[in-house]
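Residues per chain, in single letters:
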Amino acid sequence: MNIAIVSKSDATGGGGSRLASGLVRLLNNNSKYVAHHWAGRPGINSDWYTYKLHGGQWLSLIQGACSIISRFIGLPDFLTPEFLIHMNRKTVEYDLYHFHDISFTFSPLAISWLAKRKPIIWTFHDCSPFTGGCIYPMDCKAHYAHCNNCPQLDLLPLGTSIDLTGYMQQYKRRLLQKSSIIPISPSKWLAEEAMRVIDFKIAPIVIPNYVDTNIYKPLDRKILRSILGLPQNQFIVLLTATSLSEVRKGSHLAVEAVRKIHPSPFILAIGKSEQNHSILFQGLNIYNTGYIYNDQLLAQYYAAADVFLFPTLADNLPTVAIETMACGTPAIAFATGGVPEIIEHGKTGWLAKTGDVQGLVDGLNYVIKRPDILNEWRIYGIDKVKERYTKEKFLAAHMRVYQNALNGDYK
């Protein structure tokens, strides 16, 4: 079976692209499949099965120009040539296509054309498949009826001055209502949100994300801290995000909570920190690693911390919360989106109401004073990962969907 996986990036990208890349690798380890990963922006050291969706240098320039023009006319990523480039460059005829995060990457117009000719699977890693283009609506409720007066119009991935979000949302709605596209959602929460907006022809199938437990696993905390140069006798709070300054990830609220803890814990921050945001951590005992691309090193830092502070304000089923849990580091988090599907309050971690900084403070004080509770949460968390979030379960669920799609079982 020849499968084309399409996403914004490869394993060097964000959560959706990392999962897409991991799925391609798992499929290629199975003799029944040949999977190619068509990535909009692959990294320098991509695997043999990864292809640049937008072609070489000149084709990429054409794609970039079209992306700018599409935003200029108010239709971000609708009028772009990536599909024509792909059709010209592909070396095999694919049995099915599986799309992941497509902002900046693939036009819904092309998906519509392709859906008439091939089985299509589309994994929703955020809300953009059923909004006018924003990744998460945040406080906006317009998408439940009809996107308009978009408050994120000037922000990427929209980045336009012309509000055609209503048209773009309506196009995607019709696409998912009338075509036989098979939607996958990593969380029950996102599936339910999508069904509030779209009367799907095929209801979303929930397949949770996975982690590689050969990499993300508990390790000796004392030895790790010695190797990584971290303090042995301090309580270490982990913060991590692709960009620590991204408001949606809530690092500013994490810092606000940590400032209320006495004595102040040591902060291990993983992610890009822009220079103009360094004032955010001013006066705190902090070590910033920068963004880490190596999974083995990332897992070591995760396992070295006492607790993961995760005040995300909007999220689907964040893989980072599963990875830290697999490493034996419980999370104190906001009960946002699909996060409560990972973290069980009082059993595998601590949940506070979204935006409730005092709830984070209460959780931190609770575990600092009760290390025995942290040990209990570690045990339950590791067991939950092994039960629910393994690569074997993830692959088997996708193989069932692929086979059913080829058999014509989804109508």
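Only a predicted model underlies this, so the values are computations on that prediction, with no experimental measurement involved.

Caption draft 1: Broad picture of the layout of surface pockets. If you add up the space inside the second largest pocket, you get close to 570 Å³. Taken together, 26 residues make up the lining of the second largest pocket; nearest its centre are A11, R18, S21, R25 and D295. Elements represented by at least two residues in the lining of the second largest pocket include exactly helix 1 (15–28), helix 9 (295–304) and helix 10 (319–326). The biggest single contributor to the lining of the second largest pocket is helix 1, with 6 residues.

Caption draft 2: Inspection of the nonpolar core at higher detail. Of all hydrophobic cores here, the largest spans 35 residues; its most connected members are L230, Y302, I342 and I343. Contributing elements (two or more residues each) for this core: helix 7 (221–228), strand 8 (236–243), strand 9 (266–272), helix 9, strand 11 (307–310), helix 10, strand 12 (331–334) and helix 11 (339–342). Take this core: its biggest share by element is 6 residues, from helix 9. Ignoring any residue separated from it by four or fewer positions in sequence, one finds I343 in contact with M325, A331, A333, T348, G349, W350, L351 and K384.

Caption draft 3: The sheet that holds strand 6 (residues 182–185), seen in detail. Strand order in this open sheet of 7 strands is 3-2-1-4-5-6-7, and the pairing throughout is parallel. Pairing within the sheet leaves two strands with one partner each, and these edge strands are strand 3 (50–52) and strand 7 (205–206). Both strand 6 and strand 7 contribute to a ladder of 2 bridges, which runs parallel. Its bridge partner lying in strand 7, I184 is registered against I205.

Caption draft 4: Here's a closer look at the side chain of H398. Here H398 shows up in helix 14 (residues 391–406). Not counting residues within four places of it along the chain, the set of residues in contact with H398 comprises L23, H98, I184 and I207.

Caption draft 5: Quick peek at the pattern of salt bridges. Within this structure, the stated rule accounts for 13 salt bridges. Of the charged contacts in the structure, one is a salt bridge between E93 and K90, with a shortest N-O distance of 2.9 Å. One network of salt bridges, in which partners are shared, links E246, R248, K249 and D315.

Caption draft 6: Geometry of the sheet that holds strand 8. Strand order in the open sheet formed by 6 strands is 10-9-8-11-12-13, with parallel pairing between adjacent strands. In this open sheet, the two strands that pair with only one neighbour each are strand 10 (286–290) and strand 13 (349–352). Across the sheet, the axes of successive neighbouring strands diverge by a mean angle of 20°, strand direction being ignored. Note: strand 11 against strand 12, 3 bridges, orientation parallel. From the neighbouring strand, F310 faces strand 12, where its bridge partner is A333. Packed onto the sheet, helix 10 meets strand 8 and strand 11 and runs at close to 170° relative to strand 11. Helix 12 (residues 357–369) rests against strand 8, strand 11, strand 12 and strand 13 of the sheet, and its axis sits at about 165° to strand 12.

Caption draft 7: Representation of the packing of helix 4 (residues 108–115) against helix 5 (residues 165–178). The N-to-C vectors of helix 4 and helix 5 enclose an angle of 20°; their axes lie 11 Å apart at closest approach. Considering their axes alone, helix 4 and helix 5 lie roughly parallel with respect to each other. By crossing handedness, the relation of helix 4 to helix 5 is classed as left-handed. The segment helix 4 lies against helix 5, with P108, L109, I111 and S112 engaging Y171, K172 and L175.

Caption draft 8: Molecular detail of empty space enclosed by the protein. Across all of its chains, the model carries 4 cavities of 30 Å³ or more by this definition. Each pocket or cavity is described by its volume, and for the largest cavity that value is around 200 Å³. Along the wall of the largest cavity there are 18 residues; nearest its centre are P76, D77, S103, G133 and K172. Residues of the lining of the largest cavity, tallied by class, amount to 11 nonpolar, 4 polar and 3 charged. Taken as a whole, the second largest cavity encloses approximately 100 Å³ of empty space. In this structure, the second largest cavity is lined by 14 residues; those nearest its centre are C134, C140, C147, C150 and P151. Considered class by class, the residues forming the lining of the second largest cavity number 7 nonpolar, 7 polar and no charged.

Caption draft 9: Seen up close, the environment of K188. Tracing the chain through its elements places K188 in helix 6 (residues 188–197). Along the sequence, K188 and R25 sit 163 residues apart, while their C-alpha atoms lie 25 Å from each other. Residues within four places of K188 in sequence aside, it is in contact with V206 and E341.

So, how was this worked out
- Residues numbered from 1 in each chain as written.
- Predicted model: local features only at pLDDT ≥ 70, side-chain atom pairs only at ≥ 80, totals over all residues.
- Heavy atoms only, no water.
- 1 Å grid on protein atoms, 1.4 Å probe; cavity = no way out; pocket = protein on both sides within 12 Å on 5 of 7 lines; lining within 4 Å.
- Points joined across faces, edges and corners; volume = space filled by probe spheres on them.
- Helix = DSSP H or I, 4+ residues; strand = E, 2+ residues; numbered from the N terminus.
- Core = buried A, V, L, I, M, F, W, Y, C linked by side-chain atoms within 4.5 Å.
- Buried < 20%, exposed > 50% of the residue type's maximum accessible area, 1.4 Å probe, protein only.
- Contact = heavy atoms within 4.5 Å.
- Pairing = 2+ DSSP bridges.
- Salt bridge = Lys/Arg side-chain N within 4 Å of Asp/Glu carboxyl O.
- Axes fitted to C-alpha atoms, helices over the stretch in contact; angles between N-to-C directions.
- Parallel < 35°, antiparallel > 145°, perpendicular 65-115°, else oblique.
- Left-handed = near helix turned anticlockwise from the far one by under 90°.
- Nonpolar A, V, L, I, M, F, W, Y, C, P; charged D, E, K, R; others polar.

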